[in-house]
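So the chains spell out like this:
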Amino acid sequence: FGGTGISLLETSHRSQTYLKLNTEVQDVVRRLLNVPSNYKILFLAGGGQGQFAAVPLNLISRTGTADYVVTGTWSEKAAKEAKKYGKVNLVLPTTDRHTGIPDVSTWKLDPNASYVHICTNETVHGVEFDFIPDTKGVPLVADMSSNFMSKKIDVSKFGVIYGGAQKNIGTAGVALVIVREDLLNQALPICPSIFDWTITAKNDSILNTPPMFAIYIMGRVLEWIERKGGLDKMAEMATKKSSLVYKMIEESNGFYYAPVAKNSRSKMNIPFRIGSSEGNDVLEKEFLKGAEARGLIQLKGHRMVGGIRASTYNAVTVEEVETLVSYMREFYQQHSK
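Residues numbered from 1 in each chain as written. Predicted model: local features only at pLDDT ≥ 70, side-chain atom pairs only at ≥ 80, totals over all residues. Heavy atoms only, no water.

An unreviewed UniProt entry lists the protein chain under the name Phosphoserine aminotransferase, with Papilio xuthus as the source organism. Under the Pathway (unreviewed entry) heading, UniProt states for the protein chain: "Amino-acid biosynthesis; L-serine biosynthesis; L-serine from 3-phospho-D-glycerate: step 2/3." (UniProt positions renumbered as here; feature names shortened; annotations may be inferred.)

Next comes the structure, spelled out in structure tokens:
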């Protein structure tokens, strides 16, 4: 690695070789998202779930309370974790069925909250924000684990953006955190040093040995995004790929059923049922078996909701999605007579 004669896996995290890589990966994140200079870019272990704890540990101290907009499984888990460290206000009524994002006029926001937390894309339920909510000056914190780098965003509208790398920007083992500098120096006294953004920022993400190989892979993936045309190109492809699947669903006369409201449909994760809104177990099992035989794998819906789920992350090609849609059409024609 880097002309050293040894692998990155053998390289000291304090070496000039790794320090150079550490800076280069931060730089490509800053370029792709046009991150303003008053934001720190951090690499942390523990994945997105680690940040479910890190967010309140770093931010809830100002007022002791935080707003959570629960639109699916992951924001629900984040809210549950935050309750360990302060008071959590659930902005939306509790529900088991997440099929969209209620109009912001119905949100019960607390002007005294330390921050407002959202998950911009819910992988289990296929619900995605297509707008940035106005939180009236309260810092907006966003879990972007599953749609990071799939489109351009205005980073300045957020106090903190975070996410595990393993969906769109790399492999499991590293979380990317982008935090506005004025939100540092607020961590609760019980915050472990390893999750303290201020300490991490001061140490340039090298407080201890970081997940160097995962960071290297993330850098390679982000450079690939740049070569492919950047986030405008990723967004164009995401729209094209997801539209192919949604169009097939719409044209199936109810044979395929997508539960999510059209204005909240994810471009990354497309859950659907076969036969009815509740699904037909026999048909869905047959569909999945036929898909596997064609090399279309991991299409089974999350165990919490069942059904089918197609994911169209950045690395998935248009041709691969066309193969899925062709199979969906063939299956529909066979079983809808």
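As for helix α2 (residues 47-59)
The end-to-end C-alpha distance of α2 is 18 Å, a good match for the 18 Å that 13 residues give at a rise of 1.5 Å each. Along its length, α2 shows its largest kink, about 30 degrees, at Ala-53, and proline Pro-56 lies within four residues downstream of that point. Summarising burial for α2: 12 of the 13 residues are buried, a large majority. (Helix = DSSP H or I, 4+ residues; strand = E, 2+ residues; numbered from the N terminus. Expected span 1.5 Å × (residues − 1). Bend = angle between axes of the 7 residues up to and from the residue. Buried < 20%, exposed > 50% of the residue type's maximum accessible area, 1.4 Å probe, protein only.)

Thoughts on the domain arrangement of the protein chain
Here the domain parsing of the protein chain yields domain 1 (8-228) and domain 2 (230-336). Centre-to-centre, using C-alpha coordinates, domain 1 lies 28 Å away from domain 2. If you look at the interface, domain 1 gives 28 residues, while domain 2 gives 25 residues. Between domain 1 and domain 2 the total buried area reaches about 2,100 Å² when both faces are included, carbon and sulfur atoms providing 55% of it. Of all residues in domain 1, Thr-99, Val-124 and Glu-128 bury the most surface against domain 2, accounting for 22% of the area lost on that side. At the junction of domain 1 with domain 2, the criterion picks out 1 salt bridge. At the surface where domain 1 touches domain 2, the tally comes to 13 residue pairs in polar contact (both at pLDDT 80 or more). When contributions to the side of domain 1 that touches domain 2 are tallied by element, the ones reaching two or more residues are α1 (16-33), β5 (121-122), β6 (127-128) and α5 (212-227). (Domains from an automatic or database assignment. Contact = heavy atoms within 4.5 Å. Buried area = accessible area lost by both parts, 1.4 Å probe. Salt bridge = Lys/Arg side-chain N within 4 Å of Asp/Glu carboxyl O. Polar contact = N/O pair within 3.5 Å; in protein donor to acceptor, adjacent residues only side chain to side chain.)

Overview of unusual backbone geometry
A positive phi angle is found at Ser-205, which is not glycine, with a value near 65 degrees. Residue placement: Ser-205 occurs in the loop between α4 (197-202) and α5. On the basis of relative accessibility, which here comes to 4%, the residue Ser-205 falls in the buried class. For Asn-253, which is not glycine, the phi torsion reads 55 degrees and is therefore positive. In this fold, Asn-253 is placed in the loop between α6 (230-250) and β10 (256-257). Exposure remark for Asn-253: the relative accessible area of 69% places this residue in the exposed category.

Considering the pattern of salt bridges
Opposite charge on two side chains permits them to pair, given that their charged atoms come into close proximity. Under the definition given, this model contains 15 salt bridges. Where Glu-128 meets Lys-151, a salt bridge forms, and the shortest distance between an N and an O atom there is 3.6 Å. Within this pair, whereas Glu-128 is found in strand β6, its partner Lys-151 is found in the loop between β7 (140-143) and β8 (160-164), the two being separated by 23 residues in sequence. On the accessibility criterion, Glu-128 (5% relative accessible area) is buried. By relative accessible area, Lys-151 is classed as partly exposed at 26%. For the salt bridge of Lys-262 with Glu-250, the shortest nitrogen-to-oxygen distance reads 3.7 Å. Here Lys-262, found in the loop between β10 and β11 (269-274), pairs with Glu-250, found in helix α6; they are 12 residues apart in sequence, far enough to count as distant.

As for a positive patch on the surface
A cluster of basic residues, Lys-77, Lys-80, Lys-83 and Arg-303, forms a positive patch at the surface. Within the secondary structure, Lys-80 is located in helix α3 (residues 73-82). (Patch = residues over 30% accessible without salt bridge, like charges linked within 9 Å, V, L, I, M, F, W, Y side chains within 5 Å. Areas by Shrake-Rupley, 256 points an atom, 1.4 Å probe, with all protein chains shown as cover. Lys, Arg positive; Asp, Glu negative; His and termini not counted. Charge placed at Lys NZ, Arg CZ, Asp CG, Glu CD.)

Side note on the sheet that holds β10
The strand order across the open sheet built from 3 strands is β10-β11-β12, with neighbouring strands paired in antiparallel fashion. Two strands bound the open sheet, and with one partner strand each, they are β10 and β12 (308-311). Here β10 runs beside β11; their pairing, made up of 2 bridges, is antiparallel. Residue pairing across strands places Tyr-257 opposite Arg-273, the latter belonging to β11. Against the sheet, α6 makes contact with β10 and β11, and its axis sits at roughly 15 degrees relative to β11, the strand it touches most. (Pairing = 2+ DSSP bridges. Axes fitted to C-alpha atoms, helices over the stretch in contact; angles between N-to-C directions.)

Some remarks on the UniProt feature "domain: Aminotransferase class V" (unreviewed entry) in the protein chain
Per the UniProt record, the feature "domain: Aminotransferase class V" (unreviewed entry) sits at residues 10-324. As annotated, residues 10-324 has a helix share of 33% and a strand share of 16%, and its two end C-alpha atoms lie 41 Å apart.

Concerning the sheet that holds strand β4 (residues 116-119)
Across the sheet, 7 strands lie side by side as β1-β9-β8-β7-β4-β2-β3; this open sheet has mixed pairing. Each edge of the open sheet carries a strand with a single partner, namely β1 (39-44) and β3 (87-90). Neighbouring strand axes in the sheet, compared pairwise and without regard to direction, differ in orientation by 20 degrees on average. Where β7 lies against β8, 3 bridges are found, and the strand directions are parallel. The partner of Val-141 across the bridge, within β8, is Val-160.

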